[in-house]
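# Breakdown of the fold
So you can see what is in the structure, the chains are spelled out below.
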Amino acid sequence: MSWGTELWDQYDNLAIHTSKGIEFLDKYANFIRDRLAIETEYAAKLRRLAKNYQPKKKEEDDNEFTSHQAFRNVLKEINDLAGQREVVAESLQLQIIQGITLLSKTLREERKKCLSNGTYLQQNLSSQLSALERAKRNYEKAYRDSEKAVDNYKKADMDLNLSRAEVERYKNIMTAKIQQSDDAKNEYANQLQKTNNLQQQHYNELLPEVFNRLQELDEKRTRGIREFIIGAADVESSVAPIIARCLEGMVKAGESINEKEDSYKVIERYQSGFTPPTDIPFEDLSKQDPESSQESHYNNVQSSHLTVKGTISANRIKKRVGIFNIFGSNKQQKIIEACITLKNSLTADGQKEDFSDLPPNQRRKKLQAKIAELQQKIAQETAARDGLMKMKVVYEANSSLGNPMTVEGQLNESEHKLEKLKIDLKKYQGYLERANQIPMASNSPQANRNNLHNGHRVSRHSNGSTEDNNEDGDDQPDDGGSLSRVSLSKTHLNNSSSASPESGLGTSHTSLPGSGQGSAHDNAMGEDAYYETEMELLQPLGTCRALYPFEATSEGSIPMNEGEVLQVIEIDQGDGWTRVRRLNNTNGWDEGFVPTSYIECTLYA
């Protein structure tokens, strides 16, 4: 069926229909543009979502868990999904939007041309109809005039009163009018024939051709919409396999989570190496001497056990102030230098260089990881050095390739780095060797208790043997090479140059019992004099027992052996150090700070 045949008289409606069809095509183009914007925004939000939930640097330790690894894989798949949505948006832009824009432009131009041609044909037909109408009116007028002239002539010819000249004039007029009527008739006939021919050609050939061209354009538009809809679906289906693989990757990531493996890794991370506490032995007071009975009283008075931070009720907390009332400028300078030295001995995360502030098992793991890192760096630096040496040999053999002296400086620098790495490796290997020599504590920091046999303390040595200790609190070094104790005398405090937490400078208002704030030795050294004030002994807050050995690394701290019992004179203020005191047979009392995590405290009620 053809528009030219069936819709020969619907020129205006066809013009409106084709216009609406092109508007509908533009509407579909706007729909694709809006969808494209949604796809682009969705992809951008997916990428932002994956970026926001990427593990932070401080969370790197948690990445070893399978659940965290699975989540990282899910984030990668989300990124891939975002990439596929971007592909969809780009394909819609290139294949659909541009195709619709080009088709719409072509259809508008062709429609305009067809409508212009149709308008021209309509105008020609209208002009011919107007000419026919004029010819018809002229013929009608001429025919009436000729009839009137004939009547006038007949009347004049019947009138006997008119002369022959008058009758002849009427006759001539009649003849002229008849001739005009015949000419108008002929003109009308010609115009009628011409109009019929044009009208037949217009409705049978010219106008149907225009309508058929409009029909082709409309069908082309409809066919284009069909192809664009299918093309948009093809764009989506082309990325569907990749999206399906992304979803499969997410499923595999979820299936890779192993709760047992994560539980094992939690054990590996937090295992301290301590064993659970043993049974508390029965203490027969009737078999103990008075001195041991008094010390047993210290051990058996029940009170709240301190946590690692040494938490206690607020009425027991005392704020630490300076050990001495006045500091000289030289003393302050020494403290500052000691602070810098302590800072340099810490790692980037604030831990000690040898990780001695960690539990034994965690310390060994840290040292092993550090040794592996140094070995890898040594291997890399060795390979770089060997490459430089080969380059130098080549330059020496052929000077045109390069100057050997240019490699000499790099080679020396590489040798220096390699030597430094080897020194660090040897140092950390020594740390690991010493850490392996330290035995596992017989119980945990929160529940460790030393066994009591017949009123005597039994401390466990590094070699696994036990021995009885005196009740005065002076434990002897064991055979395994436990660290010796250095008494905290007045001279030690006055000459202290460390401002570390171990020294206690700036954190306590008390000094050694019987010691003054200045000494003749300090004055002889040219330092500022201190006010000498006799300080009375602080009353002990409770007792503590050493869980494992501790070596004093700076002034203000005191060493202790595993199992040693000390008096607590000041609790931990949140800095990880507890102030303790022990009886020294030579010079009275030793007093200083020890790590809170190395002891188990029992405070008096």
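Within an unreviewed UniProt entry, the label attached to the chain reads Formin-binding protein 1-like isoform X6, and the organism entered is Glossina fuscipes. On record in UniProt, under Sequence similarities (unreviewed entry), the comment for the chain is "Belongs to the FNBP1 family."

## Points about the pattern of salt bridges
Applying the stated criterion to the full structure yields 23 salt bridges. Salt bridges here are not isolated pairs; linked through shared partners, they connect Arg35, Glu39, Arg85 and Glu236.

## Structural notes on the packing of aromatic side chains
For the structure on display, the rule yields nine aromatic pairs. Plain terms: the ring middles of tryptophan 8 and tyrosine 203 are 5.3 Å apart, the flat faces sit at 90° to each other, and that makes the pair edge-to-face. With tryptophan 8 in the loop between α1 (3–6) and α2 (11–52) and tyrosine 203 in helix α4 (residues 164–255), this residue pair connects regions lying 195 residues apart in the sequence. Tryptophan 8 sits in the partly exposed class, given a relative accessible area of 42%. Put simply, the rings of Tyr548, Phe550, Trp577 and Tyr598 touch in pairs and so form one group of aromatic residues. For arginine 169, the ring lying beneath its charged end belongs to tyrosine 170, and the centroid distance is 4.8 Å.

## Thoughts on the nonpolar core
Grouped together as the largest cluster of nonpolar side chains are 40 residues, with contacts concentrated most on Leu92 and Phe211. Mapped by element, the contributors of at least two residues to this core are α2, α3 (66–158) and α4. Per-element tally for this core: the top contributor is α3, with 15 residues. When residues no more than four places from it in sequence are discounted, the contact partners of phenylalanine 211 are Trp3, Gly4, Leu7, Trp8, Gln10, Tyr11 and Leu14. Counting 20 residues, the second largest nonpolar core, distinct from the first, contains Ala546, Ile558, Val580 and Phe593.

## Observations regarding the environment of serine 414
Among the structural elements, serine 414 can be located in helix α9 (residues 404–437). Serine 414 sits 33 residues away from glutamate 381 along the chain, and the two C-alpha atoms are 6.8 Å apart. For serine 414, the residues in contact, after removing those within four places along its chain, are Glu381, Arg385 and Leu388.

## With respect to the sheet that holds strand β8 (residues 599–603)
On the basis of which strands lie adjacent, the open sheet formed by five strands has the order β7-β6-β5-β4-β8 and antiparallel pairing. Two strands in the sheet have a free side with no partner beyond their single neighbour: β7 (588–595) and β8. The mean inter-strand angle of the sheet, taken between neighbouring strand axes irrespective of direction, is 35°. Across eight bridges, the pairing between strand β6 (residues 577–584) and β7 is antiparallel. By the bridge assignment for β7, arginine 582 is matched with aspartate 590.

Thresholds, definitions, all that
- Residues numbered from 1 in each chain as written.
- Predicted model: local features only at pLDDT ≥ 70, side-chain atom pairs only at ≥ 80, totals over all residues.
- Heavy atoms only, no water.
- UniProt positions renumbered as here; feature names shortened; annotations may be inferred.
- Salt bridge = Lys/Arg side-chain N within 4 Å of Asp/Glu carboxyl O.
- Phe/Tyr/Trp six-rings, centres within 6.5 Å; stacked < 30°, edge-to-face > 60°.
- Helix = DSSP H or I, 4+ residues; strand = E, 2+ residues; numbered from the N terminus.
- Buried < 20%, exposed > 50% of the residue type's maximum accessible area, 1.4 Å probe, protein only.
- Lys NZ or Arg CZ within 6 Å of the ring centre and 35° of its normal.
- Core = buried A, V, L, I, M, F, W, Y, C linked by side-chain atoms within 4.5 Å.
- Contact = heavy atoms within 4.5 Å.
- Pairing = 2+ DSSP bridges.
- Axes fitted to C-alpha atoms, helices over the stretch in contact; angles between N-to-C directions.

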